[in-house]
Amino acid sequence: MEAEVRDKPAFANIRAELKAGDSIIAESDAMASMSSTIEMSTRWNGGFLSAVARKLFGGESLFVNEFTTSSSGELVLTQPFPGDIECIELKGTTMFLQPGAFLACEPGVKLGLGWAGIASFVGREGLFRLKVSGHGRIWFGAYGGIFAREIDSEFVVDTGHLVAYEPTISLRMGMAGGIFSSFFGGEGLVTRVKGPGRIYMQSRAMSGLAAWTNSHLW
Amino acid sequence: MFEGDLLDDDEFPGGVFSDEIDGGRAGAHLRLGDRGLSARTSDGQEFFIGYSDCDLELGGDSGRMVFCRTSDRSLTFFCEDRRFPEALKRAAVGELFEQVDTILAAGNRQRWVSRLGLWMTLAVAVVALIGGYFGIVAFARVAIKSVPIVVDQKIGEAALPAVLSEFGKEIKSPEAIDAVQGIVDRLAPHAAVRGVNYHVLIVDSNVVNALALPGGTILVFRGLIDEMDSTEQLSAVLAHEMSHVTLRHHLTQIARSVGIVAAVNIVIGDVGGIVAIGSEVLQNAALNNYSQVQETEADLEGARMMHEAGINPQAMIQMLGNLPDAHLHGALSWLSTHPNSDERIKSVQQFLDDAAPRKYSPVDFRLEELRELLGEDQSEEPKDVEATDDNGDNNVTIDQTSVNVLDPETDAEDEVELQN
């Protein structure tokens with residue numbers, strides 16, 4: 001299956017060319033357009049209970065759609081908010097995604113939900129996170145541009161900007177500076193990540209947009 | 001990491017970081033050999049790190065992932081299997097023994113520090129929550145005293161129609177009302193708060209009850225007048241209810257019921273909001289129960305007012321002592337919201353023991369006269385009275401004369417539900 005992410009980073013979308021036997025699994029409502037030769041089937045996002053758990057804690061939809069074709073066809077997938085989409089290929093490895101980031105994957109990828117811990121919760125990344133593992137490509141999205149960084153020692157990410165990270169990365173909450181600069185410098189708490197491993201960050205945080213919008217509503 | 005694969009005892013699921021792999025990483029099976037650690041990826045690539053060239057680190061998201069890295073860090077194996085560290089110690093035959101123990105001890109220390117930090121954070125949060133609650137309560141108590149009494153009056157006026165419709169019809173005998181009002185007027189100059197306009201209403205109900213609405217309206221039930229042994233005991237009940245008004249217990253109850261919303265309304269001076277919330281809370285009879293502390297406060301303040309007004313406050317103790325008898329007669333209402341008489345009697349007795357001696361004078365009418373007036377009022381005007389059903393709708397009509405012949409026990413059972 002050929003797939004490319006177009007219109008990066010503001011209004012990114014996935015254009016996939018499916019051949020006979022190819023398959024792609026996507027969040028419900030992700031399909032923007034498709035050839036009439038492509039068939040769509042809907043199923044629970046895992047089993048019933050795990051689908052409910054992913055809906056409640058992982059920010060994902062109850063159902064996922066599987067797109068297949070017996071000949072060939074084109075499929076365009078997108079996310080509901082503006083922002084970038086990134087593709088990574090899992091080779092027996094695992095990746096953690098922040099709630100709501102998952103967009104699509106190939107059939108060899110296994111989706112799970114895991115406890116993220118208090119540090120993640122305080123860092124506004126949620127108490128739970130999506131765990132994707134196995135073999136195949138996955139696509140995930142975020143608000144703003146997505147950029148990756150290989151971490152070998154320690155690195156500081158502002159809360160709400162961490163989109164995805166490998167399980168070899170450890171997270172620790174901390175203050176951006178001293179007590180005064182942390183709370184009056186506008187940075188507050190930050191996430192200290194320690195490698196080795198790769199992290200994906202978003203250039204804008206949705207919570208920042210929401211706070212900025214709210215401040216103009218009154 | 002090939003999840004679900006069956007591995008030999010010396011094989012563990014893990015992964016490899018290497019520039020030789022497309023993408024820089026891959027899941028792998030790690031095998032502990034005689035001289036070193038080997039890894040085979042799902043694509044069949046093989047990697048090797050000798051035990052003598054292996055630097056160990058502990059980390060990862062779980063804090064339990066073991067990293068085996070070459071000294072130039074160009075190759076890294078990682079494994080999260082709990083059996084891996086001990087197996088590595090055995091396989092490396094002493095070469096990595098000390099390193100494994102060191103990183104495991106550091107990991108345990110780190111986890112202990114993290115847990116301690118978490119518990120301390122939770123403890124601080126709990127203390128902040130409890131402190132915040134009591135801070136708000138203390139703040140509300142101070143704020144309540146600064147609220148003008150006119151706010152209480154507005155709440156009382158707003159709640160009165162609903163309260164009357166719930167408890168019964170008003171007896172409009174001017175002589176009877178004047179007699180009770182006379183006691184209130186004798187006590188009023190000695191109240192802690194000046195400017196309260198006390199106004200007595202007599203409710204035609206067998207229930208032994210009296211209640212005060214914020215602002216000074218005092219409802220005295222006919223059943224209470226029937227139950228009291230003396231005019232002084234009736235004075236004690238009136239003084240007690242007046243004290244609830246002057247001590248602003250209603251506003252405290254409202255603030256407790258609706259919490260921070262009322263406190264904020266009080267602070268920002270949103271009188272309309274307080275009146276709306278307050279009248280709603282008071283209309284819910286179950287919420288109109290005072291705390292034990294408030295009841296004791298009202299007893300002591302009532303006893304003080306009686307003492308100052310020259311009415312013998314011993315009647316307060318007698319009245320409290322009679323409450324269990326009233327309970328036995330089935331007229332439970334006032335007692336049910338005014339519990340634990342013994343403790344309250346002790347508090348009032350202590351106050352009287354400490355009070356300066358004073359000459360008391362009797363109240364200038366007899367209770368029998370009041371009962372006759374109320375009896376005349378009922379016999380003169382036998383008319384239909386609208387009562388309320390459970391939904392508060394005025395749609396049940398009862399002949400008033402039939403109310404008086406109801407069996408007190410049966411009657412009381414129904415009325416127990418109507419707590420003040």
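Residues numbered from 1 in each chain as written. Chains lettered and ligands numbered in written order. Predicted model: local features only at pLDDT ≥ 70, side-chain atom pairs only at ≥ 80, totals over all residues.

Turning our eyes to something else, we now look at the overall build of chain A. A tally of regular secondary structure across chain A gives 4 helices and 17 strands. Counting all 218 residues of chain A, 43% fall into the buried class. Intrachain contacts of chain A at a sequence separation of at least 6 include 76% that bridge at least 24 residues. (Helix = DSSP H or I, 4+ residues; strand = E, 2+ residues; numbered from the N terminus. Buried ≥ 20, exposed ≤ 12 C-beta atoms within 10 Å, placed from the backbone. Contact = placed C-beta atoms within 7 Å.)

Across its full length, chain B carries 16 helices and 13 strands. Summarising the internal contacts of chain B: among those between residues at least 6 apart in sequence, 63% fall at separations of at least 24.

Attention now goes to the environment of A:Glu74. Its location among the elements puts A:Glu74 in strand β7 (residues 72–78). The exposure class assigned to A:Glu74 is partly exposed, which follows from the 15 C-beta atoms found within 10 Å.

In this section: the sheet that holds strand β6 (residues 65–69) of chain B. All names here are of chain B. Taken in spatial order, the 7 strands of this open sheet run β4-β3-β2-β1-β7-β6-β5, and their pairing is antiparallel. The open sheet terminates on both sides in strands that have one partner only, identified here as β4 (46–50) and β5 (55–59). Across this sheet, the average inter-strand angle for adjacent strands is 30°, counted without regard to direction. With 7 bridges joining them, strand β1 (residues 11–18) and strand β2 (residues 25–32) adopt antiparallel strand pairing. Its bridge partner being in β2, Gly14 is matched across the sheet by Ala28. Strands β1, β2, β6 and β7 (75–79) of the sheet are contacted by helix α1 (residues 84–91), whose axis makes an angle of about 50° with β2. (Pairing = 2+ DSSP bridges. Axes fitted to C-alpha atoms, helices over the stretch in contact; angles between N-to-C directions.)

Residue and element names in this part refer to chain A. Pairing in this open sheet of 3 strands is antiparallel, and the strands run β13-β16-β15 from one edge to the other. Each edge of the open sheet carries a strand with a single partner, namely β13 (154–158) and β15 (170–175). Averaged over neighbouring strand pairs, the angle between their axes works out to 30° when direction is ignored. Strand direction decides the pairing type here: β13 and strand β16 (residues 189–194), joined by 5 bridges, are antiparallel.

What follows covers the nonpolar core. The biggest cluster of nonpolar side chains holds 54 residues, and the ones touching the most others in it are B:Leu187, B:Ile218, B:Val220 and B:Met242. Those residues within four positions of B:Leu187 in sequence are excluded, and the remaining contacts are B:Leu238, B:Ala239, B:Met242, B:Met305, B:Met306 and B:Ala309. Core analysis: the next-biggest nonpolar cluster, separate from the first, contains 47 residues, A:Ile14, A:Leu97, A:Leu162 and A:Ala164 among them. (Core = buried A, V, L, I, M, F, W, Y, C linked by C-beta atoms within 7 Å.)

Residue and element names in this part refer to chain B. At a closest axis distance of 10 Å, the pairing of helix α4 (residues 174–187) and helix α6 (residues 231–246) adopts a crossing angle of 55°. In terms of orientation, α4 and α6 fall into the oblique class. The handedness of the crossing between α4 and α6 is right-handed. Between α4, through Ile183, Val184 and Leu187, and α6, the contact on the second element is made entirely by Leu234, Ser235, Leu238, Ala239 and Met242. (Parallel < 35°, antiparallel > 145°, perpendicular 65-115°, else oblique. Left-handed = near helix turned anticlockwise from the far one by under 90°.)

Below, the discussion takes up unusual backbone geometry. Peptide bonds are trans in most cases, and residues, glycine excluded, mostly fall at negative phi. Residue and element names in this part refer to chain A. The residue after Lys8, namely Pro9, is reached through a cis peptide bond having omega -10°. Relative to the assigned elements, Pro9 resides in the loop between β1 (2–6) and β2 (13–19). Cis geometry marks the peptide bond from Gly195 to Pro196, where omega comes out at 10°. Along the chain, Pro196 falls in the loop between β16 and β17 (197–202). For Asp29, which is not a glycine, the phi torsion comes out positive at approximately 75°.

This part is about the interface of chain B and chain A. Contacts between the two partners involve 21 residues from chain B, matched on the other side by 16 residues from chain A. Those elements giving two or more residues to the side of chain B that touches chain A turn out to be β1, β2, β6 and β7 of chain B. Tallying contributions element by element places β2(B) first for the side of chain B that touches chain A, with 3 residues. Here the side of chain B that touches chain A is built from residues that sort into 8 nonpolar, 9 polar and 4 charged. (Nonpolar A, V, L, I, M, F, W, Y, C, P; charged D, E, K, R; others polar.)

This part covers the packing of α6(B) against helix α10 (residues 292–309) of chain B. How two helices sit against one another is set out by the angle between their axes and by the gap between those axes. Residues and elements named next belong to chain B. Two elements in contact, α6 and α10, have axes separated by 8 Å at closest approach and are oriented at 115°. For the pair α6 and α10, the sense of crossing is right-handed. Together, Ser235, Ala236, Ala239, His240, Met242, Ser243, His244 and Thr246 of α6 and Ala298, Asp299, Glu301, Gly302, Met305 and Met306 of α10 make up the contact between the two elements. Taken together, the residues of the contact of α6 with α10 break down into 6 nonpolar, 6 polar and 2 charged.

Right, let's talk about α4(B) for a bit. End to end, α4(B) covers 20 Å across 14 residues, agreeing with the expected 20 Å (1.5 Å per residue, within 8%). Every buried residue of α4(B) is listed here: B:Ala176, B:Ala179, B:Val180, B:Ile183, B:Val184, B:Arg186 and B:Leu187. (Expected span 1.5 Å × (residues − 1).)

On to α1(B), then. Residue and element names in this part refer to chain B. By the burial criterion, the buried members of α1 are Phe84, Pro85 and Leu88. Summarising the axial view, the buried residues of α1 lie within an arc of 100°, below the 170-degree limit, and thus occupy one face. The inward-facing, buried residues of α1 contact β1, β2, β6, β7 and α2 (97–145). The first or second residue beyond α1 is Val93, which carries a positive phi of 45°. (Arc of directions from axis to C-beta.)

None of the figures reported here should be taken as evidence of function without further support.
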